[in-house]
Every structure is written in C-alpha cells, then in structure tokens.
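# Survey of secondary and tertiary structure
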Amino acid sequence: MTATIQDAARGTDTRRPVRFTVTSASVGDSRARTGILDTPHGRVDTPVFMPVGTNATVKALDPDDIREVGARIILSNTYHLALRPGHERIRDLGGLHAFMGWDRAILTDSGGFQVVSLAQQRSIDEDGATFRSHLDGSLQRFTPEHAIAVQEALGADIAVCFDHPVPPHASARSEVADATERTHRWADRCLAAHTRPDQALFGIIQGGLEADLRMASTAFFASRPFDGLCIGGLAGDETPEQRRAVLDVVVPMLVDDPRPRYLMGLGSPMDLLDAVDAGVDMFDSVLPARVARNATLWVPGGKLNLRNARFLDDPRPVQEGCRCRLCRSFSRAYLAHLFRANELLAYRLATCHNLTFTLDFMARIRSAIADGTFPQLTRDLRAQAASRSPIDVVGS
Ligand SMILES: [Zn+2]
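Here the structure is a predicted model, which means the values were calculated and not measured. (Residues numbered from 1 in each chain as written. Predicted model: local features only at pLDDT ≥ 70, side-chain atom pairs only at ≥ 80, totals over all residues. Heavy atoms only, no water.)

### Examining the overall build of the protein chain
Summing up its helical and strand segments, the protein chain has 17 helices and 16 strands in all. Since a compact globule built from 396 residues should have a radius of gyration of about 21 Å, the 21 Å found for the protein chain is in line with a globular shape. Taken over the C-alpha atoms alone, the protein chain extends approximately 65 × 50 × 40 Å along its principal axes. Counting over 396 residues, the protein chain shows a buried share of 55%. Accessible area of the protein chain: about 15900 Å², with a carbon and sulfur share of 50%. Taking the 45 positively charged and 48 negatively charged side chains of the protein chain as two groups, their mean positions are separated by 4 Å. (Helix = DSSP H or I, 4+ residues; strand = E, 2+ residues; numbered from the N terminus. Rg over C-alpha atoms; globule rule 2.2 N^0.38 Å. Buried < 20%, exposed > 50% of the residue type's maximum accessible area, 1.4 Å probe, protein only. Areas by Shrake-Rupley, 256 points an atom, 1.4 Å probe, with all protein chains shown as cover. Lys, Arg positive; Asp, Glu negative; His and termini not counted. Charge placed at Lys NZ, Arg CZ, Asp CG, Glu CD.)

Laid out in structure tokens, this is it:
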C-alpha cells in the first residue's frame, strides 16, 4: 500500500479523531447514502444538517434548545471568533465547547469565506490574506498556519483548511484557476501546521463551475490525508443545475473514497434533497434560523409569514404534530403577537421550529435511504415542487 493511499484512508482509521462509516446506500441512479460520523463529542448520523453558531451561539437559542431541536453537531465561525472575543481567550477559558456550554460535536469553518465576503480592503498574496475587520476596521492577517492555530485554540472536533474561495459568476476562469491552485498550496501548509491529535482536519475542494478545475481539485484533495472533504464555492449564485453539474463531476471521483463529503453553505430543503441525492453527507447554513427571525416559518405545506394579520386570530399551532417547543405549547396567534410586539421570545420559538423542521427533514431523508424509498421520496417531493405545492415554497 502506498503512503498516499494509506494516508487517504484515514477516514476509517480507528486512530483518527473522527471516523466515518457508510451504513446504507440508495438504490438506482441515486448516490444518496447514510453514514455514522463518530467524533470526540458523540455520534452524528448522516446526511446531517449543522445549525450555524457564528459567534459561539446559535442565535436566540441556548444549548438545551439546540439539543432539543436534535442537533448532534453545529458549525462555528473561525473568522468571527478570532476577531471577537479572540481564540486565545476562548482557549484560556477551556476551549469552545466549555465556553459555549455545548458538549456535542463542533466544526469550525476555515475563515476563508468570511475573509472574501465580509472583510474590507482585502488583499490576497501567496502567503495569506490581509484585510480590515468588519467589526472595527482593524488590520488583520490570516495565513493557512494562523487559521489552523486559531482552530486548534478553539478546539472544535473538526477543523477546516484555509482556502481562497471565489464567487464563480463574478470571476474570470483565470481567477478561479489561480484561487484553486492557491487553495491547494495552502491546504498542504494547513496539513503541515495541524498538530492537534484530538481534532480532525477537512480539506476544501474548489474549482468554481469549471469541470476540469473541479476534477483537478478533487484529485488533489483525494490524494491528501484529510479526514473529510468539503466542497466549497457553491451555495452562492449558481443555479441548482450548475450545482448538480459540479457534484456530478466531484462525487463520482470519490466513489471509493472512505471520507465524508460536506457541501458548505446549503440550507433550503429542496437544495438539501438534491445534494443528498448527488452523494453529499454534510451541510450547514444560516438560512433556516435567519428566515425564522424574519417571521417566516417552514411547514410541510409551504411557509407561513407570521407578520400576516390573518394569524393574529389563528389558534392552531404553526405545524400540527410538530415536536418543537413552539408547536407544543403556543398558537400561531401568540407567535404573530410576539413578532408584532418585537418580543425576544419570538426569535427563540421561531428558530426552534425552523431548525426542528430542517433536522426532521434530514431524519426523513435518512430513513428513506435506509429503507430503500429514497427514490420515491425524491420523486414525490420534486413533483410537489413542480406543482408549486408544499415543499417548493421552502425550497426557494
Ligand atoms: Zn414546530
């Protein structure tokens, strides 16, 4: 066995901090599969959706709420925590799990996306990125080595390589190629810098919408000893067809690869369904929580805008039969009142519901894959979407 193949197999290596086991695969043309991701902070069933806790908090929820919606793993943002309150402070306070009171798994992202999307006066050179903080304008510098040091200080179960993402539609092919090759060089530096034995490290496949660049990037990351493979540069301004085309290039190249595949930033139910069908195991997005705070509640029949006056006299729960904190105890009328009165409880209850809806949707997908009905589920939900009934509204 060559060193490369041996190293690339670390997804199943029992000595690794995170282990991934595929437990069932869909039938027919679908590449959907279920799996178990064992982490130092517990077991995660895949396909999985990770709620986002940007500032070491899933906005409006406490850890009991996050547990109750069913989250086994959450994402937190390296860029934000490095700028505020500072990763060294969090390390000195016992690490991110202790700091935020969350004893299940955490993944920290690379910081690359925020450097590109949030930071000001950004300049990228071969060594790293210099930018001004979106918080106070202070001059900051991220290099691959610094991004790893930040994530080792935070101590998440899974860290992610510092990358150079580019928005596909706003970039010339030469820019995408340049950023992708730089991402590869930075990935090797992240591997060399990463030393924490109780923390996994994922790489990020880039390449925009260009099939040959995606193939080259997939081949590069498949040959390196990462614990999992992220697919970056999507969930932006591409169409669902363009996203699927990229996944249909990337995933078949990884068919014999034992590691989990994580599409960063995807969050609407129909998008999640399509990406699971294409063979993706892990997802994250702020979307369900963000729309909840805007009074948009996801339900199987579509979505409800609780700012609409018709809900002020509606005694029914937001979703009949939903197990969440909101639907168990409160009416649409009460939530509509809370939003109109700008009461803080509205954000918590609405977020609990939308995250419960999303995580239950993923559980339904996992069950369908395991019992062989995923193709039927996919057909049914796509037919509903095409007829503009139930799920299409939340999928937009
Ligand atoms: Zn509910």
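Additional details are given in the paragraphs that follow.
### Brief notes about the coordination of the zinc ion
Protein-derived ligands of the zinc ion are C322 (SG), C324 (SG), C327 (SG) and H353 (ND1), with the metal-ligand distances lying across 2.1 to 2.3 Å. Considering all 4 donor atoms around the zinc ion, angles at the metal cover 101 to 114° and the coordination shape is tetrahedral. (Donors = N, O, S within 2.8 Å, 3.2 Å for Na, K, Ca; no water. Tetrahedral: all angles 85-135°; square planar, octahedral: opposite > 155°, others 65-115°.)

### What about the side chain of H164?
The residue H164 is located in the loop between strand 10 (158-160) and helix 8 (173-193) in this model. At 3.1 Å, the side chain of H164 and the side chain of R182 are in polar contact. Those residues in contact with H164 that sit more than four places away from it in its chain are V116, I124, A179, R182, T183 and W186. (Polar contact = N/O pair within 3.5 Å; in protein donor to acceptor, adjacent residues only side chain to side chain. Contact = heavy atoms within 4.5 Å.)

### What about the nonpolar core?
Among the nonpolar cores identified, the biggest contains 67 residues, and F283, I365 and F374 are the most heavily contacted of them. The dominant element in this core, judged by the number of residues it contributes, is helix 15 (residues 344-370), at 8 residues. The contact partners of F374, leaving out residues within four places of it in the chain, are S26, S30, A32, L273, V276, D277, I365, A368 and I369. Core analysis: the second largest hydrophobic core is formed by 20 residues, V52, I158, Y262 and M282 among them. (Core = buried A, V, L, I, M, F, W, Y, C linked by side-chain atoms within 4.5 Å.)

### Some thoughts on the packing of helix 14 (residues 332-340) against helix 15
At a minimum axis separation of 7 Å, helix 14 and helix 15 run at an interaxial angle of 130°. Between helix 14 and helix 15, the angle is such that the two are oblique. As for how helix 14 packs across helix 15, the hand of that crossing is left-handed. Mapping the contact onto sequence places Y334, L335, L338 and F339 in helix 14 and L345, A346, Y347, L349 and A350 in helix 15. Counted by class, the contact of helix 14 with helix 15 contains 9 nonpolar, no polar and no charged residues. (Axes fitted to C-alpha atoms, helices over the stretch in contact; angles between N-to-C directions. Parallel < 35°, antiparallel > 145°, perpendicular 65-115°, else oblique. Left-handed = near helix turned anticlockwise from the far one by under 90°. Nonpolar A, V, L, I, M, F, W, Y, C, P; charged D, E, K, R; others polar.)

### Remarks on the packing of aromatic side chains
In total, this model carries 10 aromatic pairs according to the counting rule given. Seen in terms of ring centroids, F162 and W186 are 5.1 Å apart; in terms of plane orientation they differ by 15°. Their pairing is stacked. With F162 in the loop between strand 10 and helix 8 and W186 in helix 8, this pair connects stretches of sequence that are 24 residues apart. As far as burial versus exposure is concerned, F162 and W186 are alike and both buried. Seen from their ring centres, F220 and F221 are 5.0 Å apart, and the 85° between their planes marks the pair as edge-to-face. The pair formed by F220 and F221 is uniform in burial state, with each residue classed as buried. Counting every residue linked through ring pairs, the aromatic cluster contains Y79, F131, F142, F162 and W186. (Phe/Tyr/Trp six-rings, centres within 6.5 Å; stacked < 30°, edge-to-face > 60°.)

### Some thoughts on the confidence of the model for the protein chain
When pLDDT is averaged along the protein chain, the result is 93, and 94% of the positions lie at 70 or above. When the criterion is pLDDT under 50, residues 1-9 qualifies, and its contacts beyond four places in sequence or with other chains add up to 9 contacts. Below pLDDT 50 for its whole length, residues 390-396 participates in 26 contacts with residues either more than four positions away or in separate chains. (pLDDT = per-residue confidence, 0-100.)

### Quick notes on helix 14
Note that an α-helix has 3.6 residues per turn; residues three or four places apart therefore point the same way. Taken together, the buried positions of helix 14 are occupied by R332, A333, L335, A336, L338 and F339. Just downstream of helix 14 lies N342, where phi reads positive at about 55°.

### Overview of the pattern of salt bridges
Side-chain pairing between opposite charges can occur once the charged atoms of the two side chains come close. Applying the stated criterion across every chain, the model contains 32 salt bridges. The closest approach of N and O atoms between D227 and R16, which form a salt bridge, is 2.7 Å. Placement of the pair is D227 in the loop between helix 9 (211-222) and strand 12 (228-231) and R16 in the loop between helix 1 (3-8) and strand 1 (19-25), with a sequence separation of 211 residues. One exposure class covers both D227 and R16, and it is buried. (Salt bridge = Lys/Arg side-chain N within 4 Å of Asp/Glu carboxyl O.)

### Concerning the environment of L81
Relative to the elements of secondary structure, L81 occurs in helix 3 (residues 78-83). Its relative accessible area of 0% is what places L81 among the buried residues.

### Let's talk about the environment of R84
Locating R84 in the fold gives a position in the loop between helix 3 and helix 4 (87-92). For the pair R84 and L135, spaced 51 residues apart in sequence, the C-alpha to C-alpha distance is 8.7 Å.

### Examining unusual backbone geometry
In this structure, the amide linkage connecting T46 to the following residue, P47, adopts the cis form with an omega of 5°. Here P47 shows up in the loop between strand 3 (42-46) and strand 4 (48-51). Put simply, R84 and P85 share a cis peptide bond, and its omega is 10°. Topologically, P85 is positioned in the loop between helix 3 and helix 4. Positive phi outside glycine occurs at Q121, with the angle close to 45°. One can find Q121 in strand 7 (residues 120-124). Given the relative accessible area of 63%, Q121 is considered exposed.

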